[in-house]
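Here is what each chain is made of, one letter per residue.
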Amino acid sequence: MNMDSTTALAADAQLIRAIQSGDERALSQLYRLHWPMVSHFVLQNSGTEDDARDVYQEGVMVFYEKVREGSLELSCQIKTYLYAVCRRLWLKRLTTKSRLHGVRLLDDDDYGPYLNTGAEDDLHEAEERDRRFATMSEALTHLGEPCRSLLEGFYLLDKSMQDLTAEHGYTNADTAKTQKYKCLTRLKKLFFASYKEV
Amino acid sequence: MQTEADYYALFEAYQRGELAAGARADLEARLSTDPRLHQRYAEFEELTGTLRAYGERRRTRQMLGGLHEAMLAADEAPAAEEKQADGLSYSVNPRLSISRTERRLREFWNGHRATMGVAASVAVLAVFCTLLGLDLWRATTAAPASSLRELRGEVARITRRTDALTRKVNNVAGTTDAVAPVRVNKYSGTGFALTADGYLVTSAHVIKGADSLLVESRDHRRYHAETVYTDRKHDLAILRIKDRNFKPFNRLPYTFKAGQADLGERVYTLGYPREDAVYGEGALSARSGYDGDTAFYQVSIPLNPGNSGGPLLDGQGNLIGVVSSRQDDVLGAAFATKSSYLVHLVDSLKNKQPLQPYHLPRTNQLAGAARPQQLKRLQDFVFVVKVYE
């Protein structure tokens, strides 16, 4: 391994530590750094600027969530990992979009061996999570008001019980809490019903 | 009996560590012994965990969207500060700066180049198919029109080819004497005497495009000739020999028939489709020519290029026509201009004060003679007309 990649790996590790600790500037740094690579790749393979944006956002999301969980096991540079993830994502989109089997991608050789990066497994995991979130979002939609905004307020937006009590016009926090639990049981039925059957 | 909601209150308090030590130990004991309660707790955890993670995901997505916007905004203003994260030595990658129009074009090209390639090849193919089809169509429709062949011999092409061969042979043999290129006549046809004092008749197409004419008699005497009158419509031309040393002919043996000849009449002609005079015999098979043209007869004489302009005579030695053309796609159909048109033409020219007056022959010396005798008389008045361009 030459000096360049050693220093690059060291810098990557530093960046990952910064992101894990919640440094938004480090994430922004990373985001800007690898955007040209992915946008170039997608544009070369008959995508538009918007496609590139979507794919890159997804890819960075996978990376970021893994980093935040602390479960990222990186065996290569971040660059290569991101390239592998985005490549996979774009390939999937192309095949569904064009209904053509055997889409061939033009690869940049600069980004090294994009196979065996562990990106495949991470992507499967992310897909599973996406499915769960999609089910949840649907369940929330079917739940109806005021349960939806109550639960969203509490769990998704991290509002306090006092705020929610005032917002929804409950007499006191206890009533709101009881209501919240009732909503939760209904959500549970909706969520598990559709999640299990998929 | 506790309701589901009550359990949830309990679980939440347990998760937050708000339960008193006794109640907590109690719950933990029940969780480890009661599988149904355990499953209920697991579901609760999954549900709330998913909810929280979902919220987290939405925040992340928003943040990344923001990052993208910020990045694009920073790119818009290239002078923007190149911020660096603490202690990190990355710099923002250099970006290829291309104009917006060019970027659009590149995107378009990248997105549609395959389609455009296919479209272009289809277009090229279509153009070639159309051209080819048109050509084919034109060839098939033009064919009947070209089946009418005018019978002037294209001597030059053959002669030139022979010349080239001769020259090649000479070169191979190593002979150094340079052969001066002989001027070769391009076309040849047949002509015959109209009057004893040097007027001749031939077909108009024989002398078409000529800049000099040479008339050669059977005994190889040559005279320069000039065109006096041309009638393209009836394919007639009148020439006059202009050589000083020209001696007028003897009296012409044939007369010109002013009326129409009859159908089925035996007719014959004498012409020069090759170097020697060739006799051709047949019958008058129709009193109109190609495409119903009444200025022509149809005759069943086998004719060749070079026969054009030859005289057409009936059994009595009356000149009834001038050989003009043949139809290629019909067997044995040749055409000759009716002599009545020739007589008309001469009459109209008489009024125009010619250099020498026209004296058409009045007595027929051929009538009653046998065919070989007729031909012997006739052949002195039939000439090769050579055309130079």
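Refer to the structure above for everything that follows.
About the criteria used
Residues numbered from 1 in each chain as written. Chains lettered and ligands numbered in written order. Predicted model: local features only at pLDDT ≥ 70, side-chain atom pairs only at ≥ 80, totals over all residues. Helix = DSSP H or I, 4+ residues; strand = E, 2+ residues; numbered from the N terminus. Buried ≥ 20, exposed ≤ 12 C-beta atoms within 10 Å, placed from the backbone. Contact = placed C-beta atoms within 7 Å. Expected span 1.5 Å × (residues − 1). Pairing = 2+ DSSP bridges. Core = buried A, V, L, I, M, F, W, Y, C linked by C-beta atoms within 7 Å. Axes fitted to C-alpha atoms, helices over the stretch in contact; angles between N-to-C directions. Parallel < 35°, antiparallel > 145°, perpendicular 65-115°, else oblique. Left-handed = near helix turned anticlockwise from the far one by under 90°.

### Regarding the overall build of chain B
Link 1 in the chain: When its secondary structure is counted, chain B shows seven helices and 15 strands.
Link 2 in the chain: Among the 389 residues that make up chain B, the fraction classed as buried is 27%.
Link 3 in the chain: Taking the contacts inside chain B whose residues are at least 6 apart along the sequence as the reference set, 67% of them involve residues at least 24 apart.

### Concerning helix α1 (residues 4-16) of chain B
Link 1 in the chain: The end-to-end C-alpha distance of α1 of chain B, which contains 13 residues, comes to 18 Å, matching closely the 18 Å that a straight helix rising 1.5 Å per residue would cover.
Link 2 in the chain: Just beyond α1 of chain B, the residue with positive phi is Gly17 of chain B, at close to 70°.

### A word on the interface of chain A and chain B
Link 1 in the chain: If you look at the interface, chain A gives 43 residues, while chain B gives 33 residues.
Link 2 in the chain: Every element with two or more residues in the side of chain A that touches chain B is listed here: α1 (3-20), α2 (24-44), α3 (49-69), α5 (119-143), α6 (147-156) and α8 (173-197) of chain A.

### A short note on the pairing of strand β15 (residues 382-388) of chain B
Residue and element names in this part refer to chain B.
Link 1 in the chain: With six of seven residues buried, β15 lies mostly within the body of the structure.
Link 2 in the chain: The pairing of strand β3 (residues 187-193) with β15 spans six bridges and is classified as antiparallel. Looking at the pairing, Thr190 lines up with Val384 of β15.

### What about the nonpolar core?
Generally speaking, nonpolar side chains in soluble globular proteins are found buried as a group.
Residue and element names in this part refer to chain B.
Link 1 in the chain: Among the nonpolar cores identified, the biggest contains 53 residues, and Leu200 and Ala336 are the most heavily contacted of them.
Link 2 in the chain: Per-element tally for this core: the top contributor is β15, with five residues.
Link 3 in the chain: Not counting chain neighbours up to four residues away, the residues in contact with Leu200 comprise Gly191, Phe192, Ala193, Leu194, Val215, Ala225, Leu239, Ile241 and Phe383.

### Let's talk about unusual backbone geometry
Residue and element names in this part refer to chain B.
Link 1 in the chain: With phi around 55°, Asp235 is a residue other than glycine that occupies positive phi space.
Link 2 in the chain: Its location among the elements puts Asp235 in the loop between β6 (222-231) and β7 (236-241).
Link 3 in the chain: For Asp291, which is not a glycine, the phi torsion comes out positive at approximately 65°.
Link 4 in the chain: Residue placement: Asp291 occurs in the loop between β10 (278-286) and β11 (296-299).
Link 5 in the chain: For Asp291, a count of 8 C-beta atoms within 10 Å puts it in the exposed group.

### Structural notes on the pairing of strand β13 (residues 318-327) of chain B
All names here are of chain B.
Link 1 in the chain: The buried fraction of β13 is high, at nine of ten residues.
Link 2 in the chain: One ladder, built from two bridges, connects strand β8 (residues 255-256) with β13; its direction is parallel. Paired with Thr255 across the two strands is Asn318, which belongs to β13.
Link 3 in the chain: Bridge analysis of strand β12 (residues 311-314) against β13 gives three bridges, and the strand direction is antiparallel. Residue pairing across strands places Leu313 opposite Leu319, the latter belonging to β13.
Link 4 in the chain: With antiparallel pairing between neighbouring strands as the criterion, β12 and β13 make up a hairpin whose turn holds three residues, including Gly317 at a positive phi of roughly 85°.
Link 5 in the chain: When β13 meets strand β14 (residues 334-338), the two strands line up antiparallel, connected through five bridges. Across the sheet, the residue bridging to Ser325 is Phe335, located in β14.

### Some remarks on the packing of α2 of chain A against helix α3 (residues 35-76) of chain B
Link 1 in the chain: Between α2 of chain A and α3 of chain B, the least distance of the axes is 10 Å, while the angle of their chain directions is 60°. Accordingly, the angle class assigned to the pair α2 of chain A and α3 of chain B is oblique. The crossing of α2 of chain A and α3 of chain B is right-handed. Counted together, Leu27, Ser28, Tyr31, Arg32 and Trp35 of chain A of α2 of chain A and Leu67, Ala70 and Met71 of chain B of α3 of chain B form the full contact between these two elements.

### As for the packing of α6 of chain A against helix α7 (residues 161-168) of chain A
Think of two packed helices as two axes; the pair is described by the angle between the axes and how far apart they sit.
All names here are of chain A.
Link 1 in the chain: Relative orientation of the contacting elements α6 and α7 amounts to 160°, with a least axis distance of 10 Å. Taken together, α6 and α7 sit at an angle that is classed as roughly antiparallel. With respect to the hand of their crossing, α6 and α7 are arranged in right-handed fashion. Across the interface between the two elements, Leu150, Gly153 and Phe154 of α6 pack against Leu164, Glu167 and His168 of α7.

### With respect to the environment of Tyr14 of chain B
Residue and element names in this part refer to chain B.
Link 1 in the chain: Looking at the secondary structure, you find Tyr14 in helix α1.
Link 2 in the chain: In this structure, the C-alpha to C-alpha distance between Tyr14 and Leu27, residues 13 residues apart in sequence, is 8.5 Å.
Link 3 in the chain: In contact with Tyr14, other than residues within four places in its own chain, are Leu19, Arg24 and Leu27.

### As for the environment of Ile320 of chain B
Link 1 in the chain: Inspection of the secondary structure puts Ile320 of chain B in strand β13.
Link 2 in the chain: The residues contacting Ile320 of chain B, other than those within four sequence positions of it, are Lys257, Ala261, Val267, Leu312, Leu313, Asp314 and Ser339 of chain B.

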